[in-house]
Amino acid sequence: MDNHSIFPNSSMSIPNDTTIISSQLQIILYSIVLVWTLLGNILVVIVIFGNEGLKTNFNYLIVNMAISDLAVPLFALPIKIAEQASGTRYLWLVSGTLGNVLCKLCYLLADISPAVSVFTLLAISVNRLIAIVFPLRFQTFSKKKGYLLILATWVMAVAVFSPYFYIFKLVKVNDLNLCGPSWPTFQDKTAFISTIIMVLFFIPMGIIILVYSFLMYKVNKNSKTVNNMLNNQQVQSRRRRNKQIFYISVAIVAAFIILWGPFYLFLSVVGFIWKWQPPPIEPKTTEIIMFVVVLLGYLNPAVNPCIYFLFVKNYRQGLKRIFEKRRVRRCSETNTFFLRTLRGNAETMPGTSSAEPSQCQLVHVKYI
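Residues numbered from 1 in each chain as written. Predicted model: local features only at pLDDT ≥ 70, side-chain atom pairs only at ≥ 80, totals over all residues. Heavy atoms only, no water.

1. Brief notes about the overall build of the protein chain
Filter applied, for reference: Helix and strand assignments follow DSSP, with helices taken as H or I runs no shorter than four residues and strands as E runs no shorter than two, numbered in order from the N terminus. For each residue, the accessible area found with a 1.4 Å probe, counting protein chains only, is set against the maximum for its type, and the residue is called buried under 20%, exposed over 50%, and partly exposed in between. By definition, residues are in contact when any of their heavy atoms lie within 4.5 Å.
Helices and strands together make up the secondary structure of the protein chain, namely 12 helices and two strands. N-terminal to C-terminal, the α/β element order of the protein chain is α-α-α-α-α-α-α-β-β-α-α-α-α-α. Residues classed as buried in the protein chain amount to 45% of the 368 residues present. Here the contacts in the protein chain between residues at least 6 apart in sequence split such that 82% fall between residues at least 24 apart.

2. Some words on the UniProt feature "transmembrane region" (unreviewed entry) in the protein chain
Heads up, the condition is: UniProt positions are given in the numbering used here, feature names are shortened, and annotations may be inferred rather than shown by experiment.
Sequence positions flagged by UniProt for "transmembrane region" (unreviewed entry) are, in local numbering, residues 27–49, 61–79, 116–136, 148–168, 191–215, 245–276 and 288–311. The distance from the first to the last C-alpha atom of residues 61–79 is 27 Å, and the span holds 95% helix and 0% strand. Each end of residues 148–168 is marked by a C-alpha atom, and these two atoms are 30 Å apart; helix forms 81% of the span and strand 5%.

3. With respect to the side chain of Lys104
For clarity, the threshold we go by: Only four residue types enter the tally: Lys and Arg on the positive side, Asp and Glu on the negative side, with His and both chain ends excluded. Every case where a carboxyl oxygen of Asp or Glu lies within 4 Å of a side-chain nitrogen of Lys or Arg is listed as a salt bridge. For the purposes of these results, a polar contact is taken to be a pair of N or O atoms within 3.5 Å, where, inside protein, one atom must be able to donate a hydrogen and its partner to accept one; residues adjacent in sequence count only when each atom of the pair is a side-chain atom.
Relative to the helices and strands, Lys104 resides in helix α4 (residues 96–133). Despite its burial, Lys104 pairs with no opposite charge, the nearest such side chain being Asp111 at 14 Å. A polar atom in the side chain of Lys104 sits 2.7 Å from the backbone oxygen of Phe168. Beyond its immediate stretch of four places on either side in the chain, Lys104 contacts Tyr164, Phe165, Tyr166, Phe168 and Lys169.

4. Focus on unusual backbone geometry
Generally, phi is negative for residues other than glycine and the peptide bonds are trans, each holding for most cases. Phi is positive for Asn174, which is not a glycine, with a value near 55°. When you line up the elements, Asn174 lands in the loop between β1 (168–173) and β2 (176–181). The phi dihedral of Asp175 is positive, around 65°, even though this residue is not glycine. Within the secondary structure layout, Asp175 lies in the loop between β1 and β2.

5. Structural notes on a nonpolar patch on the surface
Let me state the cut-off plainly: Each patch is assembled from residues with relative accessible area greater than 30% and no salt bridge, linking like charges that lie within 9 Å and nonpolar side chains (Val, Leu, Ile, Met, Phe, Trp, Tyr) that lie within 5 Å. In these tables, accessible area is a Shrake-Rupley quantity obtained with a 1.4 Å probe, and a residue counts as shielded only by the protein chains included in the view.
A cluster of nonpolar side chains, contributed by Met198, Phe202, Ile203, Ile207, Leu265, Phe272 and Ile273, occupies part of the molecular surface with about 640 Å² of accessible area. Elements with a minimum of two residues in the nonpolar patch: α8 (186–219) and α10 (232–273). Mapped onto the elements of the fold, Ile203 is located in helix α8.

6. Let's talk about the state of the cysteines
Counted only if it meets this: A pair of cysteine sulfur atoms is labelled a disulfide when the two atoms are within 2.5 Å.
Under the criterion given, the structure shown has one disulfide. Between Cys103 and Cys179 runs a disulfide, and the two sulfur atoms are separated by 1.8 Å. Between Cys103 and Cys179 the sulfur-sulfur dihedral comes to about 85°; the bridge is accordingly right-handed. A residue pair is termed long-range when its members are at least 10 positions apart, and Cys103 in helix α4 and Cys179 in strand β2 qualify at 76 residues. For the pair Cys103 and Cys179, one class covers both residues: buried. Just so you know, Cys106 is unpaired, no disulfide at all, and the nearest cysteine sulfur is the one on Cys179, 7.9 Å from it.

7. Considerations on the packing of helix α2 (residues 57–69) against α4
We apply this condition: In this analysis an axis means a line fitted to C-alpha atoms, helices contributing only their contacting stretch, and an angle means the value between N-to-C directions, from 0 to 180 degrees. Any angle that falls under 35 degrees is termed roughly parallel, while one over 145 is termed roughly antiparallel, one within 65 to 115 roughly perpendicular, and all others oblique. Under the scheme applied here, ten amino acids are nonpolar (Ala, Val, Leu, Ile, Met, Phe, Trp, Tyr, Cys and Pro), four are charged (Asp, Glu, Lys and Arg), and all others, including Gly, are polar.
It is at 9 Å that the axes of α2 and α4 come closest, and there the two elements cross at 170°. When the axis of α2 is compared with that of α4, the two are roughly antiparallel. Side by side, α2 and α4 meet where Asn57, Phe58, Leu61, Ile62, Asn64, Met65, Ser68 and Asp69 of the first sit next to Ser113, Val116, Ser117, Thr120, Leu121, Ala123, Ile124, Asn127 and Arg128 of the second. Tallied by class, residues from the contact of α2 with α4 come to eight nonpolar, seven polar and two charged.

8. What about the environment of Leu259?
When you line up the elements, Leu259 lands in helix α10. A relative accessible area of 11% means that Leu259 is categorised as buried. Along the sequence, Leu259 and Tyr298 sit 39 residues apart, while their C-alpha atoms lie 8.1 Å from each other. The contact partners of Leu259, leaving out residues within four places of it in the chain, are Val293, Leu296, Gly297, Leu299, Asn300 and Val303.

9. Considerations on the pairing of β1
Just so we agree on the cut-off: Paired strands are those between which DSSP finds at least two bridges.
In terms of strand pairing, β1 meets β2 through six bridges, oriented antiparallel. The residue of β2 that forms the bridge with Phe168 is Pro181. The antiparallel hairpin formed by β1 and β2 contains two residues in its connecting segment, where Asn174 sits at a positive phi of about 55°.

See below:
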């Protein structure tokens, strides 16, 4: 969603002389965020699925967020870059029935990322609540239940944005294919955006803040029940792990609020103060504000992988192990080729040394 999907009577063209931020600069910034987000979240998925010890319910929720975050570099940012490069909003390169289907689907996937993220954050808060407050019940939280929880985040996100299947349409204007929203009435549009603001930000963030406030109290309080059932070493190990996961969860929520908060606050000002009418400020200022808050929101999927690797030592070790495995595999292939060549030469050159390549002799893999 951008300002042209918010205010009525908006032009399809992108103004080049009304904003300080040039199209070239916007393309560069969007491209940097695209590459950063793509590489970071792919690494997260590879690390978790590439290490058996990291395949837990909590880490599967992290994978779910990483996969949903990939919708930003795969759909949202390419659309933004294409608009800036062409100078036309909603420009669509595919026509016909396929173009109409892709029009609806791509915009749905482009905007679904924050929805899946916020529902996943709710799922993580429930996961932490059960783990810390009801540790014995948490032991029975099966992977099947975890998969159902992940599925629920996508079903709810698609349900929230299901109007996209109806409102986004492919139309032809001045020999150009344009894919944009077509609302029956302006009241329908304002009702939808108001619902998005509440359902995807204020209500879930309010619930999450209350849950984590309660969990912070529980984390700092000794659990006599657990102390009576487990020895000191087990108690310390469980507390340490719960605290680590708790802190990374809080960091992820804080990043979401800091980076997506300005976008939803701006929409709130537009809806509840300006009453969905063009604002009493210059269009240039509106363009700049909208660009900044949208870019901040798109930074959230790029920042999340940094939080994962910064807070969780096991992720960093898992990443290291993957690179070491690749190095060992590469050296093994080199050794095989070297030995086969050596055997072939030995038939015609007796006395040839059978030493391995020096670069592969000292390769050791540490599993921590």
